[in-house]
Amino acid sequence: MSRRIGTLLVAVSGLSGTTYPVGTRVAIQGTGGSVDGFVDGDWLPLAWWEFADVRPEDATG
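Residues numbered from 1 in each chain as written. Predicted model: local features only at pLDDT ≥ 70, side-chain atom pairs only at ≥ 80, totals over all residues. Heavy atoms only, no water.

- You'll find the protein chain entered in an unreviewed UniProt entry as Secreted protein, with Streptomyces violaceochromogenes given as the organism.

### Some remarks on the overall build of the protein chain
Argument step 1. Each helix and strand counted, the protein chain has 0 helices and 7 strands in total.
Argument step 2. At 11 Å, the protein chain has a C-alpha radius of gyration in line with the 10 Å of a compact globule built from 61 residues.
Argument step 3. Taken along its principal axes, the extent of the C-alpha atoms in the protein chain is 30 × 25 × 20 Å.
Argument step 4. Expressed as a percentage of the 61 residues in the protein chain, the buried residues total 34%.
Argument step 5. Surface summary for the protein chain: the accessible area is close to 3,800 Å², and the carbon and sulfur share equals 57%. (Helix = DSSP H or I, 4+ residues; strand = E, 2+ residues; numbered from the N terminus. Rg over C-alpha atoms; globule rule 2.2 N^0.38 Å. Buried < 20%, exposed > 50% of the residue type's maximum accessible area, 1.4 Å probe, protein only. Areas by Shrake-Rupley, 256 points an atom, 1.4 Å probe, with all protein chains shown as cover.)

### Regarding the confidence of the model for the protein chain
Argument step 1. Mean pLDDT over the protein chain works out to 90, with 90% of the residues at or above the 70 mark.
Argument step 2. The lowest-confidence element of the protein chain is strand β1 (residues 3-8), averaging 92 in pLDDT; the highest-confidence one is strand β3 (residues 19-20), averaging 98. (pLDDT = per-residue confidence, 0-100.)

### As for the sheet that holds β1
Argument step 1. Strand order in this open sheet of 5 strands is β6-β5-β4-β1-β7, and the pairing throughout is antiparallel. Each end of this open sheet is capped by a strand with a single partner; those strands are β6 (42-47) and β7 (51-53). Averaged over all pairs of adjacent strands, the angle between strand axes in this sheet comes to 40°, irrespective of strand direction.
Argument step 2. Bridge count for strand β4 (residues 25-29) against strand β5 (residues 34-39) is 3 bridges, and the pairing is antiparallel. Each residue of the ladder has a partner; that of Ile28, found in β5, is Gly37. (Pairing = 2+ DSSP bridges. Axes fitted to C-alpha atoms, helices over the stretch in contact; angles between N-to-C directions.)

### Digging into the pattern of salt bridges
Argument step 1. What the rule picks out here adds up to 1 salt bridge.
Argument step 2. Between Arg4 and Asp53 there is a salt bridge, and its shortest N-O distance comes to 2.6 Å. Linking Arg4 in strand β1 with Asp53 in strand β7, this pair joins segments that are 49 residues apart in sequence.
Argument step 3. Taking relative accessible area as the criterion, Asp53 reaches 47% and is therefore assigned partly exposed. (Salt bridge = Lys/Arg side-chain N within 4 Å of Asp/Glu carboxyl O.)

Given below as C-alpha coordinates:
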(Lines give C-alpha, C1' and ligand atoms only; values in the text may rest on other atoms or scores of the structure.)
Protein backbone atom coordinates (compact mmCIF):
# COMPACT_ATOMS: atom_id res chain seq x y z
CA MET A 1 0.00 0.00 0.00
CA SER A 2 1.45 3.37 -0.94
CA ARG A 3 1.97 6.25 1.42
CA ARG A 4 0.91 9.82 0.87
CA ILE A 5 1.58 13.06 2.73
CA GLY A 6 -0.96 14.74 4.97
CA THR A 7 -1.09 17.54 7.50
CA LEU A 8 -2.76 17.42 10.89
CA LEU A 9 -5.92 19.51 11.36
CA VAL A 10 -5.97 18.92 15.14
CA ALA A 11 -3.32 18.02 17.72
CA VAL A 12 -2.84 14.22 17.84
CA SER A 13 -0.91 12.02 20.27
CA GLY A 14 1.34 9.35 18.83
CA LEU A 15 2.00 5.91 20.29
CA SER A 16 5.14 7.34 21.94
CA GLY A 17 3.05 9.82 23.95
CA THR A 18 4.30 12.81 21.95
CA THR A 19 1.54 15.22 20.94
CA TYR A 20 1.95 16.61 17.45
CA PRO A 21 0.48 20.08 16.81
CA VAL A 22 -1.82 21.28 14.06
CA GLY A 23 0.06 21.57 10.77
CA THR A 24 2.47 18.68 11.40
CA ARG A 25 3.26 16.77 8.19
CA VAL A 26 2.50 13.05 8.46
CA ALA A 27 3.02 10.06 6.19
CA ILE A 28 -0.43 8.51 5.65
CA GLN A 29 -1.05 4.85 4.87
CA GLY A 30 -4.47 3.34 4.22
CA THR A 31 -7.90 4.58 3.20
CA GLY A 32 -11.32 4.85 4.77
CA GLY A 33 -12.55 6.22 8.08
CA SER A 34 -9.28 5.59 9.91
CA VAL A 35 -5.73 5.41 8.63
CA ASP A 36 -2.20 4.97 9.93
CA GLY A 37 -0.13 8.13 10.21
CA PHE A 38 3.60 8.26 10.89
CA VAL A 39 5.88 11.06 12.09
CA ASP A 40 9.56 10.05 12.30
CA GLY A 41 8.52 6.43 12.91
CA ASP A 42 5.95 7.32 15.59
CA TRP A 43 2.53 5.79 14.82
CA LEU A 44 -0.57 8.00 14.92
CA PRO A 45 -3.94 6.28 14.53
CA LEU A 46 -5.89 8.92 12.58
CA ALA A 47 -9.58 9.43 11.91
CA TRP A 48 -10.59 11.01 8.59
CA TRP A 49 -11.34 14.38 10.22
CA GLU A 50 -7.95 14.71 11.94
CA PHE A 51 -5.87 15.24 8.78
CA ALA A 52 -5.98 16.59 5.25
CA ASP A 53 -4.12 15.22 2.25
CA VAL A 54 -1.40 17.47 0.90
CA ARG A 55 -1.39 17.99 -2.85
CA PRO A 56 1.69 16.38 -4.46
CA GLU A 57 2.96 19.75 -5.72
CA ASP A 58 2.84 21.11 -2.12
CA ALA A 59 4.41 18.06 -0.44
CA THR A 60 8.02 19.10 -1.09
CA GLY A 61 7.76 22.35 0.90
